Amino acid sequence: GENVEQHPSTLSVQEGDSAVIKCTYSDSASNYFPWYKQELGKGPQLIIDIRSNVGEKKDQRIAVTLNKTAKHFSLHITETQPEDSAVYFCAAIKTDKLIFGTGTRLQVFP
Amino acid sequence: KAGVTQTPRYLIKTRGQQVTLSCSPISGHRSVSWYQQTPGQGLQFLFEYFSETQRNKGNFPGRFSGRQFSNSRSEMNVSTLELGDSALYLCASSQTGTPYEQYFGPGTRLTVT
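Quick caveat: nothing in here was measured; it's all calculated off a predicted structure.

Engineer: Quick question: what am I supposed to make of the overall build of chain A here?
Structural biologist: A count of helices and strands for chain A gives zero helices and eleven strands. Along chain A, helices (α) and strands (β) appear in the sequence β-β-β-β-β-β-β-β-β-β-β when read from the amino end. In terms of C-alpha radius of gyration, chain A reaches 13 Å, essentially the compact-globule figure of 13 Å for 110 residues. Along the first, second and third principal axes, the C-alpha set of chain A runs to 40 × 25 × 20 Å. Restricting the contact set of chain A to residue pairs at least 6 apart, pairs at least 24 apart contribute 52%. Here chain A displays about 5500 Å² of accessible surface, and carbon together with sulfur accounts for 46% of that area. Computed over 12 positive and 13 negative side-chain charges, the separation of the two mean positions in chain A equals 5 Å.

Engineer: Looking at this structure, I do not really get the overall build of chain B. What am I missing?
Structural biologist: The number of helices and strands found in chain B is zero helices and eleven strands. Reading the helices (α) and strands (β) of chain B from amino to carboxyl end gives β-β-β-β-β-β-β-β-β-β-β. In terms of overall size, chain B behaves like a compact globule, its C-alpha atoms giving a radius of gyration of 13 Å where 113 residues would be expected to give roughly 13 Å. Once the C-alpha set of chain B is aligned to its principal axes, its extents read approximately 35 × 25 × 25 Å. Taken over 113 residues, chain B has a buried fraction of 52%. Within chain B, contacts between residues at least 6 apart in sequence are counted, and of these 55% link residues at least 24 apart. Between the mean site of the 11 positive side-chain charges and the mean site of the 6 negative ones, chain B shows a separation of 4 Å.

Engineer: For this particular structure, what's the right way to read the side chain of Ser72 of chain B?
Structural biologist: For Ser72 of chain B, the location among the structural elements is in the loop between strand E7 (64-68) and strand E8 (74-78). When sequence neighbours within four positions are dropped, the list of residues in contact with Ser72 of chain B reads Pro25, His29, Arg30 and Val32 of chain B.

Engineer: Just checking my understanding: could you explain the interface of chain A and chain B for this structure?
Structural biologist: How large an interface is tends to be reported as the accessible area lost when its parts come together. Of the residues lining the interface, 18 residues belong to chain A; the matching set on chain B comes to 17 residues. Both faces combined, the contact of chain A with chain B buries some 1600 Å², and carbon together with sulfur accounts for 56% of it. For chain A, the biggest contributors to the area lost against chain B are Pro44, Lys97 and Phe100 of chain A; these three give 29% of the whole. Our count for the chain A to chain B interface comes out at zero salt bridges.

What counts, and where the lines are drawn
- Residues numbered from 1 in each chain as written.
- Chains lettered and ligands numbered in written order.
- Predicted model: local features only at pLDDT ≥ 70, side-chain atom pairs only at ≥ 80, totals over all residues.
- Heavy atoms only, no water.
- Helix = DSSP H or I, 4+ residues; strand = E, 2+ residues; numbered from the N terminus.
- Rg over C-alpha atoms; globule rule 2.2 N^0.38 Å.
- Contact = heavy atoms within 4.5 Å.
- Areas by Shrake-Rupley, 256 points an atom, 1.4 Å probe, with all protein chains shown as cover.
- Lys, Arg positive; Asp, Glu negative; His and termini not counted.
- Charge placed at Lys NZ, Arg CZ, Asp CG, Glu CD.
- Buried < 20%, exposed > 50% of the residue type's maximum accessible area, 1.4 Å probe, protein only.
- Buried area = accessible area lost by both parts, 1.4 Å probe.
- Salt bridge = Lys/Arg side-chain N within 4 Å of Asp/Glu carboxyl O.

Written out as structure tokens, the structure reads:
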């Protein structure tokens, strides 16, 4: 069925440390995997995405990796800063619809 | 370029009433999708409009409907409101008419009492 699992649900890190959020999907036909950051009172903001013909994509302190065989993808944030604190959502396409994970609340402590 | 705008930002309605929410996409974007966000169910897809036509639909009852105008602005309507319809309703636009590179608005917080 339509399923994107996301772990962990909460993540606390010290400023400067790295944070990793993992997602698995069920539909092998999925070919697009975006990550969104949602701050309090705001809509989700697209921060990075990856297509199935690419294994890794990096944008400054943020990177996403994709393992199509295992059907999982991960978000990596290096050198975390307090402003990285937010809820992060992964998503995958199924039948032309975005199916979202349940979210990870990231807290970065100064 | 201005982002996706949604009006109103907050709304309080009574059970049984109906409500209309509005979304203006990013200039040049022809696809508008609507999502419902609740603490229990997370982010769920409602429907997508492209060039005034509904192209895709999620698993919501017929009380939820929408439309898109020729300028790509979209409205979403919920009739016979139920307490469980209380949620943040998000609109997202994209250029290509697919879920790729969707950009979200700030949402409309609907409270049903």
